[in-house]
Amino acid sequence: YSTPATKGRRIGAYLIDSVILTVIQIPFFILAGTAGTLLGLILTVCYYGVTEGSGMSASLGKYLCGLVVVDNQGEPLSFGQAFVRALCRLLSALVLGVGFLMGLFAVDGRALHDRLAGTLVAMREEEEYYSGGTDAHRHESSGVQNSGRQHSSMAQIVGVTGFFAG
């Protein structure tokens, strides 16, 4: 995993994860008040720690956007590394989320929590594979017959009418 994630995919993954976490946390906020906020933070750390330390190497949002979280050597995170990164995300959220904004302006796309935890959000290998090279090269490398279509497990939105059709 060497190709850093695009800013658009990282933002998309963040939005998907935010929706998932909001749905999970609503009962805690309603039932527990201030304690619910603390439980919400704990759930957030656990969500990112478990998903990014799992075999997916990504939160659900990152997975759907074709991304993985790896260490500085390009290796998947252990659960320990994933939980450290998840805790560092809390620091990124402080002071109006400036730590997250760092990722939008950094050349390597690494946010504060990536720098502190020694991690990188990268394109999933199959996404790197399908995003470069010619059809002949892709199919020659994979042994797949050319069916005229590009295959990807990444979620897509397709416009069926109007300006965005196609």
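Note on numbering: residues in each chain are counted from 1, in written sequence order. Restriction of local features to residues with pLDDT of at least 70 applies here, the model being predicted, together with a cutoff of 80 or more for giving and counting side-chain atom pairs; totals for whole chains, interfaces and linings are based on all residues. As a rule here, side-chain values come from all non-hydrogen atoms in the structure, and water together with hydrogens is ignored.

Looking now at the overall build of the chain. When helices and strands are counted, the chain shows six helices and two strands. Of the regular secondary structure in the chain, the N- to C-terminal order runs α-α-β-α-α-β-α-α. Surface accessibility follows the Shrake-Rupley procedure with a 1.4 Å probe radius. Residue values consider only the protein chains on display as shielding. Working note: accessible area of the chain is about 9,800 Å², and carbon and sulfur atoms make up 68% of it. Put simply, DSSP H or I for four residues or longer makes a helix, DSSP E for two residues or longer makes a strand, and each gets a number counted from the N terminus.

Here we come to the packing of aromatic side chains. Only Phe, Tyr and Trp rings are paired, with Trp represented by its six-membered ring, and only when their centres lie within 6.5 Å; those with planes under 30 degrees apart are stacked, over 60 edge-to-face, the remainder tilted. In the structure shown here, the tally under the stated rule is two aromatic pairs. A centroid spacing of 5.8 Å and a plane angle of 55° characterise the contact between Tyr14 and Phe100, whose relative ring orientation is tilted. Here Tyr14 is found in helix H1 (residues 7-53), whereas its partner Phe100 is found in helix H3 (residues 79-105), with 86 residues between them in sequence. Judged by relative accessible area, Phe100 falls into the partly exposed class, the value being 24%. Lysine and arginine charges are scored as sitting over a ring when NZ or CZ, respectively, is within 6 Å of the ring centre and within 35 degrees of the ring normal. Lying over the aromatic face of Tyr48, Arg89 brings its terminal NZ or CZ to 3.8 Å of the ring centre. Just above the ring of Tyr63 sits the side chain of Arg124; from NZ or CZ to the centre is 4.5 Å. Three exposure classes are used, based on accessible area relative to the maximum for each residue type with a 1.4 Å probe and protein chains only: buried under 20%, partly exposed in between, and exposed over 50%.

To continue, consider the pattern of salt bridges. By definition, a salt bridge exists where a carboxyl oxygen of Asp or Glu is found within 4 Å of a side-chain nitrogen of Lys or Arg. Using the criterion set out here, one finds six salt bridges in the structure. Residue Glu52 is joined to Lys62 by a salt bridge in which the shortest nitrogen-to-oxygen separation is 2.9 Å. You can see Glu52 sitting in helix H1 and its partner Lys62 sitting in helix H2 (residues 60-64), a full ten residues away along the chain. A relative accessible area of 0% places Glu52 in the buried class.

Now for the confidence of the model for the chain. The pLDDT value expresses, per residue, how confident the predictor is, ranging between 0 and 100. Per-residue confidence for the chain gives a mean pLDDT of 82; residues scoring 70 or more make up 75%. A low-confidence stretch, residues 128-152 (pLDDT under 50), is modelled with 19 contacts involving residues beyond four sequence positions or located in other chains. Whether two residues are in contact is decided by their heavy atoms, any of which lying within 4.5 Å being enough.

In regular strands, side chains alternate between the two faces of the sheet. Most of strand S1 (residues 67-71) is tucked away, with five of its five residues classed as buried. Going residue by residue along S1, you find Leu67, Val69 and Asp71 tucked away on one face and Val68 and Val70 tucked away on the opposite face as well.

Let us look at the side chain of Lys62. What makes Lys62 buried here is its relative accessible area of 5%. Discounting residues that sit within four places of it in the chain, Lys62 has contacts with Ala13, Asp17, Tyr48, Glu52, Leu67, Val69, Arg85, Arg89 and Val121.

Quick look at H1 now. Expected helix span is given by 1.5 Å per residue-to-residue step, counting one fewer step than there are residues. The terminal C-alpha atoms of H1 lie 22 Å apart, and with 47 residues this falls more than 12% below the ideal 69 Å at 1.5 Å per residue. The principal kink in H1, of about 145°, is found at Ala32. Here the bend at each residue means the angle between axes fitted to two seven-residue stretches, the one ending at that residue and the one beginning there.

Within the fold, Ala117 resides in helix H4 (residues 112-117). Along the backbone, Ala117 and Ala86 are 31 residues apart, and their C-alpha atoms lie at a distance of 8.8 Å. In contact with Ala117, not counting residues within four places along its chain, are Val84, Arg85 and Cys88.

Burial runs high along strand S2 (residues 119-123): five of the five residues are buried. Paired strands, in this sense, are two strands between which DSSP finds at least two bridges. Strand direction decides the pairing type here: S1 and S2, joined by five bridges, are antiparallel. Counterpart to Val70 in the pairing with S2 is Leu120.

The next subject is the nonpolar core. Note that soluble globular proteins tend to have their nonpolar side chains buried in a common cluster. If you look at the biggest cluster of nonpolar residues, it comprises nine residues: Ala5, Ala13, Cys65, Leu67, Val69, Leu77, Ala82, Val121 and Met123. Mapped onto this core, the elements with two or more residues apiece are S1 and S2. Val45, Tyr47, Tyr48 and Ala86 belong to the second largest nonpolar core, which has five residues in total. Side-chain atoms within 4.5 Å are what join buried Ala, Val, Leu, Ile, Met, Phe, Trp, Tyr and Cys residues into a set we call a nonpolar core.

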